[in-house]
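Observations on chain architecture
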There are 2 protein chains.
Amino acid sequence: MAVGLDKLPELHPVDGIRLGTTCAGISQPDRRDLVVIELAEGAHTAAVFTRNAFCAAPVIVARQHLNKKMPRMLVINTGNANAGTGASGILDAASVCDSLSRLAGCQSDEILPFSTGVIGEALPISEINAALSKAYDDLNPAGWIDAASGIMTTDTVPKGVSCQFELKGRTVTLTGIVKGAGMIRPDMATMLAFITTDAAVSSSVLQTALSSAVIKSFNRITVDGDTSTNDACLLMATGKCSGAVIDTLDDEDYSIFLDKVTEVCKLLAQAIVRDGEGATKFVTIKVNGAESATMCDQVAYNIAHSPLVKTALFASDPNWGRILAVVGRSGIPVDAIEQVSIFLDNVCIVRNGGKADDYQEAQGQKVMQQDELCIRVDLGQGDRSTEIWTTDLSYDYVKINAEYRT
Amino acid sequence: MAVGLDKLPELHPVDGIRLGTTCAGISQPDRRDLVVIELAEGAHTAAVFTRNAFCAAPVIVARQHLNKKMPRMLVINTGNANAGTGASGILDAASVCDSLSRLAGCQSDEILPFSTGVIGEALPISEINAALSKAYDDLNPAGWIDAASGIMTTDTVPKGVSCQFELKGRTVTLTGIVKGAGMIRPDMATMLAFITTDAAVSSSVLQTALSSAVIKSFNRITVDGDTSTNDACLLMATGKCSGAVIDTLDDEDYSIFLDKVTEVCKLLAQAIVRDGEGATKFVTIKVNGAESATMCDQVAYNIAHSPLVKTALFASDPNWGRILAVVGRSGIPVDAIEQVSIFLDNVCIVRNGGKADDYQEAQGQKVMQQDELCIRVDLGQGDRSTEIWTTDLSYDYVKINAEYRT
């Protein structure tokens, strides 16, 4: 039931990247659940990870390895998050890296491990280690679609984005895949996103580009307000498209690169929301006219997290009173409510803190019945604005999260 | 499906209080939706109201009237909140007071109006004014149960609490009713609560007692994190049980009175949670070992509002990973996660930030299957603690809020 994600777009291979996927039987038989991604020698990798204080073992290990060496390989399993598993979880994540390093002929700390799935259960190491050679043997440049499937948990569709553009006089490719549908309120990162390019970009420029893009993309989405323990987003540049290296932010082509990375991150982040657990709607929330960025975020996220607004969205009910009630509890001054306007797409439903005089419910109803719509709040106080993306709250959200793990 | 609210307890009449209830046909025919409460001359009234900047017309009018005179009468309708109705909403609320004042032979500003129900629609003034005389004629000291029914919206059962105790050598009565099931995250007040006593207490002492009791009761509950536009809680003392007046906080009987008011407020507040929309569980969340009260509240409310924890509660799934993930995103220092312990009732499920060594899932499962349970988080950082009450998130919550108004 993903909203507006009818078909995975063409995922262009990226020179210097190979992907292999297999079924390791981690939580279900015969489903793809183990992915390895190989990076060509000399590739640079940038990463952002969850800021949840309770972070998973693979996140701890990946951070350590990344601090030491540029990675040559990633290994990702779904079905088990290896989170809340203490010291043995860390040993398990390291053991997977060890096994893969022997197959790949590289160092263990040149491998980054990622896990997603159920929290608090021991990683089934023997199943994973036994299946690693199958995944390794499957490595091929066209393995994107299988890999996008192999990292899914409650996702209903594989998700990826790909584009090609001119950089330094050559056509470069940017291809990424992502997983995530619930426990989505990324904080400096999101679920798992792996984005690659054959452009030549230095490590530090790559990290700056990723951090900047994440703020405008993965950090602007929420499905249910819950932050995962395993969030990670990687941007890897193989440099195989050997134009001149972008090694400074002053490089005239940096802004082209940054724009494209941001665009791909936004589309991937929005794909997570579109495939949000139980989602029947893709909702953009814009807040403008605020005095501060904090106030913008407070209003926007309070609307996005309000169970009453989310169930009204599910019911296609233009219940402006619920939206206004959320704005009213978001810390705005009492007399500021009289400056508030609210729009559903272009239909003004609230003006000066009350129902707009010329508003007819049929107009709001029409917008609410769309699969995709925008709620815009104008606070009338200042000139700060923001934009985030979210979903509705449906029976299926409850079903998925009440039945998951049981 | 209210949890543990099998039967309304006996509601003792309070000398000096009469209640009348009727069907005005506000949103449905033949359901009680209009209540008047008469206070004997000389009664004192204390009140707390919603802090939502978007507050309803009756709240504005009630605040004004209360600032001028001690009220002689309350008028409460359900089915329509008269919120987001602008200037005409205020005139409507005043008009209801006018009509009732003519029947009662008092001043219009000796009447406090209260409304609850759908936001953003005009109050059906003619229906209400036409039915007021029936409600007025129904005034009687034993009208508590009808009144408790007459203020309900999505509540499934009428809710009230009553007790008698010794004060100043006499037996005094404290009886209250409450409504509320959704849009429940009171902020200095709750939905509608009307508490009365025949004790003799001065206005200022009454207000202090109410404010103090509300902090420990109505301000410690949450169903869905949404704050109503119409919240109000009143404590009225008729003084008909004419012992000496408690007119100072130093009075030796003040603490007895405060304890009883707090106890009644707690039971009424908990009744709202027990009857929370779609609730199948009544959950106490305790946080201790925090460095600050803010940290306590942050952890407790984040757990109470997490859709993932709430759906796990609905599924009776002892999913400690979800709870720990919420604690992890609540602003505790990264290394503090290793001091965290989590208990379901007396079963320790998490110790030192990971699954407790001796924990067996069957133990957690057993607690989770109870209708009532306690989640306790020990942060191991300091000596601050808190306690709040909440519910799970069920299919019925979505159903109620997706279908309400349609």
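Structure: see above.
The residue count restarts for each chain, going from 1 along the sequence in the order it is written. Just so you know, chain letters begin at A and ligand numbers begin at 1, following the order they were written in. Given that this is a predicted model, residues contribute local features only at a pLDDT of at least 70 and side-chain atom pairs are listed and counted only at 80 or more, while totals for whole chains, interfaces and linings are drawn from all residues. Hydrogen atoms and water are omitted, and side-chain values are computed over all heavy atoms in the structure.

With respect to the overall build of chain A
Going along the chain from the N terminus, every DSSP run of H or I of four or more residues is numbered as a helix, and every run of E of two or more is numbered as a strand. For chain A, the helix and strand inventory stands at eleven helices and 15 strands. By the compact-globule yardstick of 22 Å for 406 residues, chain A fits well, its C-alpha radius of gyration being 22 Å. The C-alpha extent of chain A, read off along each of the three principal axes, is 70 × 55 × 35 Å. Taking all 406 residues of chain A together, 63% fall into the buried category. Sequence-distant contacts, at least 24 apart, represent 81% of the contacts inside chain A between residues at least 6 apart. Only the protein chains shown count as covering a residue, and every accessible area follows the Shrake-Rupley method with a 1.4 Å probe. Counting only carbon and sulfur atoms, one obtains 46% of the accessible surface of chain A, whose full area is about 14,300 Å². When the 34 positive and 49 negative side-chain charges of chain A are each reduced to one mean point, those points stand 1 Å apart. The size measure is the radius of gyration over C-alpha atoms, and the globule rule it meets is 2.2 Å times the number of residues to the 0.38 power. Note on exposure labels: buried denotes an accessible area under 20% of the residue type's maximum, exposed denotes more than 50%, and partly exposed covers the range between, all computed with a 1.4 Å probe on protein chains only. Note on contacts: a residue pair is in contact if any heavy atoms of the two residues lie within 4.5 Å. We score Asp and Glu as negative and Lys and Arg as positive, and we do not count His or the chain ends. Charged side chains are reduced to one point each, which is NZ for Lys, CZ for Arg, CG for Asp and CD for Glu.

Considering helix H10 (residues 361–368) of chain A
Residues and elements named next belong to chain A. Within the sequence span of H10, burial applies to Gly364, Val367 and Met368. For H10, the buried positions fall inside an angular range of 100° around the axis, keeping them on one side. Facing away from the buried side of H10, by more than 90 degrees, are the exposed residues Ala362 and Lys366. Residues of H10 that are buried make contact with helix H8 (307–314), strand E11 (341–344), strand E12 (347–351) and strand E14 (372–378). For this quantity, the arc is that covered by the directions from the helix axis to the C-beta atoms.

Points about the sheet that holds E14(A)
All names here are of chain A. Spatially, six strands are ordered E13-E12-E11-E14-E10-E15 in an open sheet, and the strand pairing comes out mixed. Where the open sheet ends on each side, the last strands, each with one partner, are strand E13 (354–355) and strand E15 (384–391). Strands were regarded as paired on the criterion that DSSP finds at least two bridges between them. As paired strands, E11 and E14 are joined by four bridges and run antiparallel to one another. Counted as the bridge partner of Ile342 is Val377 from E14. Here helix H6 (residues 254–274) sits on the sheet and contacts strand E10 (282–290), E14 and E15; the angle it forms with E15, its principal contact strand, is near 45°. The axes used here are C-alpha line fits, helices contributing only the stretch in contact, and every angle between their N-to-C directions lies in the interval 0 to 180 degrees.

Thoughts on the relation of the copies chain A and chain B
Least squares is the method used to superpose the copies, on C-alpha atoms of residues holding a pLDDT of at least 70 in both. When chain A is fitted to chain B, the residual RMSD is 0.0 Å, and the transformation amounts to a turn of 180° plus an axial shift of 0.0 Å. Such a turn and shift between the copies fits a two-fold axis. The position closest to the rotation axis in chain A is occupied by the C-alpha of Tyr395(A), lying 2.8 Å away. Most of the interface of chain A is mirrored in chain B, where 100% of its interface residues are also at the interface.

A look at the nonpolar core
Buried Ala, Val, Leu, Ile, Met, Phe, Trp, Tyr and Cys residues that are joined via side-chain atoms within 4.5 Å together make up what is termed a nonpolar core. Counting residues in each nonpolar core, the largest one holds 158 residues, and the members touching the most others are Phe194(A), Ile375(A), Phe194(B) and Ile375(B). Residues within four places of Ile375(B) in sequence aside, it is in contact with Val283(B), Thr284(B), Ile285(B), Lys286(B), Ile303(B), Val309(B), Leu313(B), Ile323(B), Ile342(B), Phe343(B) and Leu344(B).

Here's the deal with the interface of chain A and chain B
Taken together, the 50 residues of chain A in the interface contact 50 residues of chain B. Once two parts are brought into contact, the accessible area they lose, counted with a 1.4 Å probe and summed over both, makes up the buried area. When chain A packs against chain B, close to 3,900 Å² is buried across both sides, 60% of that on carbon and sulfur atoms. Whenever Lys or Arg places a side-chain nitrogen within 4 Å of a carboxyl oxygen from Asp or Glu, that contact is recorded as a salt bridge. The interface formed by chain A and chain B holds zero salt bridges in total. Charged means Asp, Glu, Lys or Arg here, nonpolar means Ala, Val, Leu, Ile, Met, Phe, Trp, Tyr, Cys or Pro, and polar covers whatever is left, Gly included. The class makeup of the residues in the side of chain A that touches chain B is 24 nonpolar, 16 polar and ten charged.

Observations concerning the packing of aromatic side chains
Under the pairing criterion, centres of Phe, Tyr and Trp rings, with the six-membered ring standing for Trp, must be within 6.5 Å; the plane angle then separates stacked pairs below 30 degrees from edge-to-face pairs above 60, leaving the rest tilted. Within this structure, the stated rule accounts for four aromatic pairs over all chains. Pairing Phe314(A) with Tyr395(A) gives two aromatic rings, centres 5.4 Å apart and planes at 85°, and the pair type is edge-to-face. Taken together, the residues Phe314(A) in helix H8 and Tyr395(A) in helix H11 (residues 395–403) connect sequence positions 81 residues apart. Taking NZ or CZ as reference, Arg376(B) lies 4.2 Å from the ring centre of Phe343(B), over its face. The rule is short: NZ of Lys or CZ of Arg within 6 Å of the ring centre and within 35 degrees of the ring normal puts a charge over the ring.

Here we look at the pattern of salt bridges
Between side chains of opposite charge, pairing is possible as soon as their charged atoms come close. Residue and element names in this part refer to chain A. If you walk through the whole model with that rule in mind, you get 19 salt bridges over all chains. A salt bridge links Asp109 to Lys68; its shortest N-O distance comes to 3.9 Å. Remark: Lys68 occurs in helix H1 (residues 57–68) and Asp109 occurs in the loop between helix H2 (86–104) and strand E5 (111–118); sequence separation between them is 41 residues. With a relative accessible area of 59%, Lys68 lands in the exposed category. A single salt-bridge network, built from bridges that share partners, covers Lys68, Lys69 and Asp109.

Details of H1(A)
Residue and element names in this part refer to chain A. Any helix carries an expected span of 1.5 Å times its number of residues minus one. Along its twelve residues, H1 runs 17 Å from first to last C-alpha, staying within 8% of the 16 Å computed at 1.5 Å per residue. Burial in H1 covers these residues: Ala57, Pro58, Val59, Val61, Ala62, His65 and Leu66. The inward-facing, buried residues of H1 abut strand E3 (44–49), H2 and E5.

With respect to the environment of Ser203(B)
Residues and elements named next belong to chain B. Inspection of the secondary structure puts Ser203 in helix H5 (residues 203–215). Ser203 gets classed as partly exposed once you look at its relative accessible area, which sits at 26%. Here the alpha-carbon distance between Ser203 and Glu277, two residues 74 residues apart in the chain, equals 35 Å.

Things to note about the pairing of strand E2 (residues 34–39) of chain A
Remark: a regular strand shows side chains that alternate across the two faces of the sheet. All names here are of chain A. Of all six residues in E2, six are buried; the element is thus mostly enclosed. Burial of E2 is two-sided: the residues Leu34, Val36 and Glu38 facing one way and the residues Val35, Ile37 and Leu39 facing the other way are all buried. In the sheet, strand E1 (residues 17–22) pairs with E2 via six bridges, with the strands oriented antiparallel. Residue pairing for E2: Thr21 is matched across the bridge by Val35. As paired strands, E2 and strand E4 (residues 73–80) are joined by five bridges and run antiparallel to one another. In the strand pairing of E4, Val36 is matched with Val75.

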